[in-house]
Amino acid sequence: MTTSRDTSSDITLLSAAAAVDAIERGELSAGELFEAYRAAAAGDELNAYLWVADEAPAPAGQDAPLRGVPLAVKDLFCTEGVPSQAGSKILEGYRPPYTATVVAKLAAAGAPLLGKTNQDEFAMGSSNENSAFGPVLNPWDRARVPGGSSGGSAAAVAAGSAPWALGTDTGGSIRQPAALCGIVGLKPTYGTVSRYGMIAFASSLDQAGPLTRDVTDAALLLKQMVGHDNRDSTSIGFPGEIELPRSGSLKGIRLGVPEELSGAGVGIEGGVLDAFNATLKLAESLGATVETCHLPHAPHALSAYYVLAPAEASSNLARYDGVRYGRRVENGGLVGMYTKTRSEGFGREVKRRIMLGTYSLSSGYYDAYYGRAQRVRTKIADDFRTAFAEFDFVVTPTAPSVAFELGAKTSDPMSMYVNDYCTVPMSLAGIPAISIPNGLSDGLPTGFQLCGPAFSENRMLEAAYALEQATGFEATGARIHA
Amino acid sequence: MTATAEFEPVIGLEIHVQLSTKTKMFCGCALSFGEPSNTLTCPTCLGLPGTLPRANAKAIHFGLMIGLALGSELAPRSIFHRKNYFYPDLPKGYQISQYDEPLCRGGQLGDVRIHRVHLEEDAAKLVHAGSSGRIHGSDASVVDFNRGGTPLAEIVTEPDVRSAAQAREWLTLLRTTLRQLGVSDVNMEEGSLRCDANISIRPVGSTALGTKTELKNMNSFRYLERGVNAEIARQETLLRSGGHVVQETLHFDPQTERITSLRSKEEAHDYRYFPEPDLVPVSTSDEMLAAARAAMPELPAAREERLQSLGISAASARQLAWRTELGDYFEAALAAGNPPVGAPIQPLANWVCNDLVRRVGEEDPNASQVTPAALAKLVGLVSEKALTVSNARLVLDRLVADGGDPAAIVEALGLGAMGGGDDVLDPLVDAALAANADAAEKIRSGNMKAIGAIIGHVMRETKGRADGAEVTRIVRHKLGL
Amino acid sequence: MIDREQVLHVARLARLELTEDEVARMSAELSDVLGHIEKIGELDLDGVPPTTHVVEVSNALRPDEIEPSLPCEVALANAPAVAGGGFLVPSPQADADPS
Ligand SMILES: [Zn+2]
């Protein structure tokens, strides 16, 4: 395999921020860059893309802040006239009549649509094996999964077929694949990025975020994503602006390490734990203090999540009924059409979660499941508030393991669900969290997660940037292995 | 239960009112008034993937006004819930409604207590294909989403209604109240006011509640009364023959007056309500409350009281207050009355409630050719005795047909009263007595009925312009009575 | 734990049709997941308010102003079956189970 590439000849090796600068300085043309990525995306061998643009869109104004650096977008986002299928057969060929707010915002900011990326069906999954359009392969090792549900976006960025990508995170769907692919993934504070046009999985948890090669790119993309949208009632925007990180210092930063999410008996893989501890040492060397903290209800987060998310999903996915769009299978009367359409249109995991959610909302079970899970959610948010009174950030390994082999966990739902163990608590609390690559374990990347209070994105990006500089993880590393 | 037991119906009403906002409950589409199908839709009200609802501020405002009008407690915080079920007229597979935290709770209107008022979105229209047009028997349907998402206020009463007639009368009061509020067209035939009734019966004297049925589709006041009566009768027959009432949803067919079962409630309607995560809570702020209060017009109950205090009879006051447009017309006429005499108040009320209503029927008199000022003038002429009542009715006929000024019509047709002067009437009465000697004799001998012939003669001669009372007085005088 | 009958009932509510194999598998898998989930039953949550919305916002209301609607042909463009300007569906009344 190739061992090195010359950045002067391969413009796809530039980070997005570097490409923006190069275009700004007139050293690179946006059209040329788009074409280079379009070709890379069209030639993708990881099944990361479900659709790739035929040609560059009309030049998006050289003055736009993102200068025409193209963007890969998870299939979950609606894009006018372009297939938006949420990785599902039930939406096969569906072309929406409108574009999601965040995609439109980014296009207006100069990040045109490069392609739509593969994902777990309706964002339900942690390995991308639940896509109706086949699994995505991990660019570090094609026998392994890229993580999920934003697996296509993560793989595309890691493999260099996209400079950056949009993903969505409900319980870890940005952070976990970012970790497994050795890139940066950020889930913003719930409400800072509009959900309008993002096909819903679990409305109270879904949040769009960037998957990028480094922390600077994440900040650069997020800066253009946040903002209040009156099409989304739960949208609050971001107070102030997202700033690009510069300092590289961790002086005086207090990091809390929750026993419940990283201690012994939690089931974190040895190599992942080693990398995590090495990063903590590094943080201390950069001036941070590291102490154990407690999130007493975090061990229950996964349970609460697997009540709340499937319940909302069971309702959100009721609209796929074969009447107005998508697949339809006739079968006698109306109920026959409904059941046939949905049974053939949805994949196994989606059906499992619809069943789980329908059950927990059904008569007689609401209080024991949904009602209780909402209360657990309150406690988890309280735990974080308590922790943030003492610590600037709470840090954990992003995922309990490195990328696992395709098919390794498909037969046992619970073994798949525990992939979200460290990422779900932040989702329930609605707080921002970022995963940065912090090393390799057996040649596969590991992820380090930082989370902070709501709207702490700027401080969080600074801290992540400092660690990134110190770890010196090679953003294009996957290509050496590919 | 003995066959002779007397039963008492226990009825609660659930009223759905389409609100007169400009746009739908959760999107910016205009409300539909018979536009071609599926021309008033957007990604949100079609339930397209990725879309989100946005609550209409005006609908909340109208909901608060309804709550104020019904004396409800307005919730400082209320939330929307999802009611989950599959039906082709429900694009998202759930209806956004309110559940255990509604906008308004409690209250009372007339003799019926209010349980709650909440907001929700209307379903789309499902047109059953096939020739019969009836619900049963066709095998395909077409969905039109124009109506889908229209804001609805659902008003639920306590089971305080005891007869079909009371249901009808109370619904009339509610309709007037809502119309007066300006929050809805409240037209039953067009579906902007829809009423379902929960009906049970129990032996008189019992306080327990019997099994109730839910009767739907009573799309006029007449059908409401008939439907409720039919269901009460059905339940009575059932109980008297030793059967029992099954809790179910029923459909009343106004053509055949038959009641048929729609679906059995036993068949697990499990709506799986949960808080709508796409919407945030509604916090009724002081500003919102103040705006709702400021928008409140005088309501029928208050108007009825005020009109009575002006000296109007109870019956007229109720009629004027409960038919808002009649009350408005009356008050305009009262204000336009020509000083110093003007139109005396009770006669004016009578003219509006009786003579005018007889001529314009259910139409709004404000839209008729008869201006309130013209009616006031007409009534004024009668009270000044410048026009007899029967001629005034002729003038009103002309006003209804062509409009115009009553005085000018009187002038043109020569209908003006002759006044009481003996100089004018004396010779006419003399002539009438001479020409009707038989009648004159009968009157002398005490048969006052015979005076009709004399008056009739004078009226013919004067084309009705003579004052009948004055003629009577002169006749009695001349005959020495 | 969730038995065969419950699985069938929930599937009916969700408008899903399961083969016999799927019913058995679903019963086992859901029971396993619910077994984990039910641990939240051990927590003392008395007096803890439920979190309905993690965002502290209220009254995100929209002014009552008309926005353009879609042309009919766009609204119908993705429909599997149309007739007379509307979405064609099998009649609900033809079903034995109209709930
Ligand atoms: Zn609409």
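A.B. asks: Could you give me a rundown of the interface of chain B and chain A, with the residues and numbers involved?
C.D. replies: Across the contact, 31 residues belong to chain B and 38 residues belong to chain A. Put simply, chain B and chain A have 1 salt bridge between them. Between B:D278 and A:R195 there is a salt bridge, with its nearest N and O atoms 3.0 Å apart. At the boundary of chain B with chain A, the tally comes to 17 residue pairs in polar contact (both at pLDDT 80 or more).

A.B. asks: Give me the coordination of the zinc ion: which residues, what numbers.
C.D. replies: Residue and element names in this part refer to chain B. Protein coordination at the zinc ion comes from C27 (SG), C29 (SG), C42 (SG) and C45 (SG), with a distance range of 2.3 to 2.4 Å. The site at the zinc ion holds 4 donor atoms, and with the angles between them running 102 to 116°, its shape is tetrahedral. For the zinc ion, the donor residues sit on a single chain with the sequence spacing C-x1-C-x12-C-x2-C. Placement of the pair is C27 in the loop between β1 (7-18) and α1 (57-69) and C45 in the loop between β1 and α1, with a sequence separation of 18 residues. In this structure, C27 and C45 share a single accessibility class: buried.

A.B. asks: Can you explain the sheet that holds strand β11 (residues 444-451) of chain A? Please cite residues and give values.
C.D. replies: Residues and elements named next belong to chain A. Strands sit in the order β1-β3-β2-β4-β6-β5-β10-β11-β9-β7-β8 across an open sheet of 11 strands; the sheet is mixed. Of all the strands in the sheet, just β1 (49-52) and β8 (289-293) have a single pairing partner and so form its edges. Averaged over neighbouring strand pairs, the angle between their axes works out to 30° when direction is ignored. Note that strand β7 (residues 254-258) and β8 share 5 bridges and pair parallel. Each bridged residue has a counterpart across the sheet, and for L255 the counterpart in β8 is V290. Across the sheet, helix α6 (residues 215-225) lies against β2 (71-74), β4 (164-169), β5 (184-187), β6 (207-212) and β10 (433-441), angled at about 145° from β6, the strand it touches most.

A.B. asks: Describe the interface of chain C and chain A, naming the residues involved and giving the relevant values.
C.D. replies: Between chain C and chain A, the contact holds 52 residues from the first and 62 residues from the second. In this assembly, chain C packs against chain A so that about 5,000 Å² is buried in total across both faces, 67% of it on carbon and sulfur atoms. The three residues of chain C that bury the most area against chain A are C:R15, C:I40 and C:N78, which together make up 13% of that side's buried surface. Counting across the interface, chain C meets chain A through 4 salt bridges. Salt-bridge contacts for C:E29 lead to A:R352; the nearest nitrogen and oxygen are separated by 2.5 Å. Linking chain C to chain A there are 18 residue pairs in polar contact (both at pLDDT 80 or more). Of all the elements in the fold, those that place two or more residues in the side of chain C that touches chain A are α1 (4-13), α2 (20-37) and β2 (86-90) of chain C. The element contributing the most residues to the side of chain C that touches chain A is α2(C), with 10 residues.

A.B. asks: Which residues make up the environment of A:Q176, and what values go with them?
C.D. replies: Residues and elements named next belong to chain A. Mapped onto the secondary structure, Q176 falls in helix α5 (residues 175-181). As a C-alpha pair, Q176 and G452 span 276 residues in sequence and 17 Å in three-dimensional space. Leaving out residues up to four positions away in the same chain, Q176 has contacts with S126, G147, G148, T398, A399, F404 and N419.

A.B. asks: Just give me the short version of the sheet that holds strand β9 (residues 125-128) of chain B, but keep the residues and values in it.
C.D. replies: Read from one edge to the other, the open sheet built from 4 strands follows the order β9(B)-β10(B)-β2(C)-β1(C), with strand pairing classed as antiparallel. One side of each edge strand has no neighbouring strand; the edge strands of this open sheet are β9 of chain B together with β1 (82-83) of chain C. As judged from the 2 bridges shared by β1(C) and β2(C), these two strands associate in the antiparallel manner. Bridge assignment links C:A83 to a residue of β2(C), and that residue is C:G86.

A.B. asks: Describe helix α11 (residues 348-361) of chain A, naming the residues involved and giving the relevant values.
C.D. replies: Structural remark: α-helix, 3.6 residues per turn; residues separated by three or four positions point the same way. When the terminal C-alpha atoms of α11(A) are compared, their 20 Å separation across 14 residues agrees well with the 20 Å that a helix rising 1.5 Å per residue should span. Taking burial as the measure, the 14 residues of α11(A) include 13 buried ones, the bulk of the element.

A.B. asks: Tell me about the side chain of A:R353, residues and numbers included.
C.D. replies: Residues and elements named next belong to chain A. Relative to the elements of secondary structure, R353 occurs in helix α11. Within the structure, R353 has its side chain in polar contact with the side chain of E349 (distance 2.7 Å). Excluding its chain neighbours within four sequence positions, the residues that come into contact with R353 are M124, G125, F201, Y306, P310 and Y417.

A.B. asks: Tell me about the packing of α6(A) against helix α15 (residues 457-471) of chain A, and name the residues and values.
C.D. replies: Residues and elements named next belong to chain A. Two elements in contact, α6 and α15, have axes separated by 9 Å at closest approach and are oriented at 160°. With respect to α15, the axis of α6 lies roughly antiparallel. Where α6 approaches α15, its residues V215, T216, A218, A219 and L222 are matched on the opposing element by E457, L461, A464, Y465 and E468. Tallied by class, residues from the contact of α6 with α15 come to 7 nonpolar, 1 polar and 2 charged.

A.B. asks: Can you explain unusual backbone geometry? Please cite residues and give values.
C.D. replies: It is generally the case that most residues other than glycine have a negative phi and that most peptide bonds are trans. Look at the link from A:G148 to A:S149: it is a cis peptide, with omega at 5°. Turning to its location among the elements, A:S149 is positioned in the loop between β3 (113-117) and α4 (151-159). Of note in the backbone geometry, B:K385 takes a positive phi value of approximately 65° without being a glycine. Of note, B:K385 is situated in the loop between α9 (372-383) and α10 (389-402). For B:K385, a relative accessible area of 58% gives the class exposed.

A.B. asks: Summarise the pairing of β10(A); cite the residues concerned and give the values.
C.D. replies: Residues and elements named next belong to chain A. Counting buried positions along β10 yields 8 of 9 residues, so the element is predominantly enclosed. Bridge count for β5 against β10 is 3 bridges, and the pairing is antiparallel. Across the sheet, residue G185 finds its bridge partner in β10, namely S435.

A.B. asks: Can you explain the packing of aromatic side chains? Please cite residues and give values.
C.D. replies: To describe a pair of aromatic rings, one takes the distance between the centres and the angle between the planes. Under the definition given, this model contains 23 aromatic pairs over all chains. Ring plane angle 70° and centroid distance 6.0 Å describe the contact between A:F122 and A:F346, whose orientation is recorded as edge-to-face. Separated by 224 residues along the polypeptide, A:F122 in the loop between β3 and α4 and A:F346 in the loop between α10 (334-345) and α11 bring together distant segments of the chain. The class of A:F346 is buried, set by a relative accessible area of 3%. Ring geometry for B:Y271 versus B:Y273: centroids 6.2 Å apart, planes at 75°, classification edge-to-face. Residue classification places B:Y271 among the partly exposed positions, given a relative accessible area of 22%. An aromatic cluster is defined as three or more aromatic residues linked by ring pairs; in this entry it consists of A:Y94, A:F122, A:Y320, A:Y325 and A:F346. Its end group placed over the ring of A:Y196, A:R231 keeps NZ or CZ at 5.2 Å from the ring centre. Its guanidinium or amino end placed over the ring of A:F404, A:K409 lies 4.3 Å from that ring's centre, counting from NZ or CZ.

A.B. asks: Please provide a residue-by-residue account of the packing of helix α5 (residues 300-309) of chain B against helix α6 (residues 314-322) of chain B, values included.
C.D. replies: All names here are of chain B. Two elements in contact, α5 and α6, have axes separated by 8 Å at closest approach and are oriented at 145°. Here the hand of the crossing between α5 and α6 comes out right-handed. Packed against α5, whose contacting residues are P300, R303, E304, L307 and Q308, the element α6 presents A314, A317, R318, L320, A321 and W322 at the interface. A per-class count over the contact of α5 with α6 returns 7 nonpolar, 1 polar and 3 charged.

A.B. asks: An account of the pattern of salt bridges is needed here, citing residue identities and associated values.
C.D. replies: This structure, assessed with the given rule, holds 59 salt bridges over all chains. Of the charged contacts, one joins C:E22 and A:K351 as a salt bridge, the two residues approaching to 3.8 Å between their closest N and O atoms. Here A:K351 lies in helix α11 and C:E22 lies in helix α2, a pairing that spans two chains. B:E470 is the salt-bridge partner of B:R473, the closest N and O atoms lying 2.6 Å from each other. Placement of both B:R473 and B:E470 in helix α15 (residues 468-478) is noted, with a separation of 3 residues, approximately one turn of the helix. Its relative accessible area of 39% is what places B:R473 among the partly exposed residues. One salt-bridge network, in which partners are shared between bridges, spans A:R195, A:D232, B:R82, B:E276 and B:D278.

A.B. asks: Hey, could you go over the domain arrangement of chain B for me, with residue numbers and the actual values?
C.D. replies: Residue and element names in this part refer to chain B. You can read the domains of chain B as domain 1 (7-294), domain 2 (300-413) and domain 3 (425-478). If you average the C-alpha positions of domain 1 and of domain 2, the two centres end up 38 Å apart. Facing the 6 residues of domain 1 at the interface are 8 residues of domain 2. Roughly 620 Å² is buried in total at the junction of domain 1 and domain 2, and carbon and sulfur atoms are behind 62% of that figure.

Basis of the calculations
Residues numbered from 1 in each chain as written. Chains lettered and ligands numbered in written order. Predicted model: local features only at pLDDT ≥ 70, side-chain atom pairs only at ≥ 80, totals over all residues. Heavy atoms only, no water. Contact = heavy atoms within 4.5 Å. Salt bridge = Lys/Arg side-chain N within 4 Å of Asp/Glu carboxyl O. Polar contact = N/O pair within 3.5 Å; in protein donor to acceptor, adjacent residues only side chain to side chain. Donors = N, O, S within 2.8 Å, 3.2 Å for Na, K, Ca; no water. Tetrahedral: all angles 85-135°; square planar, octahedral: opposite > 155°, others 65-115°. Helix = DSSP H or I, 4+ residues; strand = E, 2+ residues; numbered from the N terminus. Buried < 20%, exposed > 50% of the residue type's maximum accessible area, 1.4 Å probe, protein only. Pairing = 2+ DSSP bridges. Axes fitted to C-alpha atoms, helices over the stretch in contact; angles between N-to-C directions. Buried area = accessible area lost by both parts, 1.4 Å probe. Expected span 1.5 Å × (residues − 1). Parallel < 35°, antiparallel > 145°, perpendicular 65-115°, else oblique. Nonpolar A, V, L, I, M, F, W, Y, C, P; charged D, E, K, R; others polar. Phe/Tyr/Trp six-rings, centres within 6.5 Å; stacked < 30°, edge-to-face > 60°. Lys NZ or Arg CZ within 6 Å of the ring centre and 35° of its normal. Left-handed = near helix turned anticlockwise from the far one by under 90°. Domains from an automatic or database assignment.

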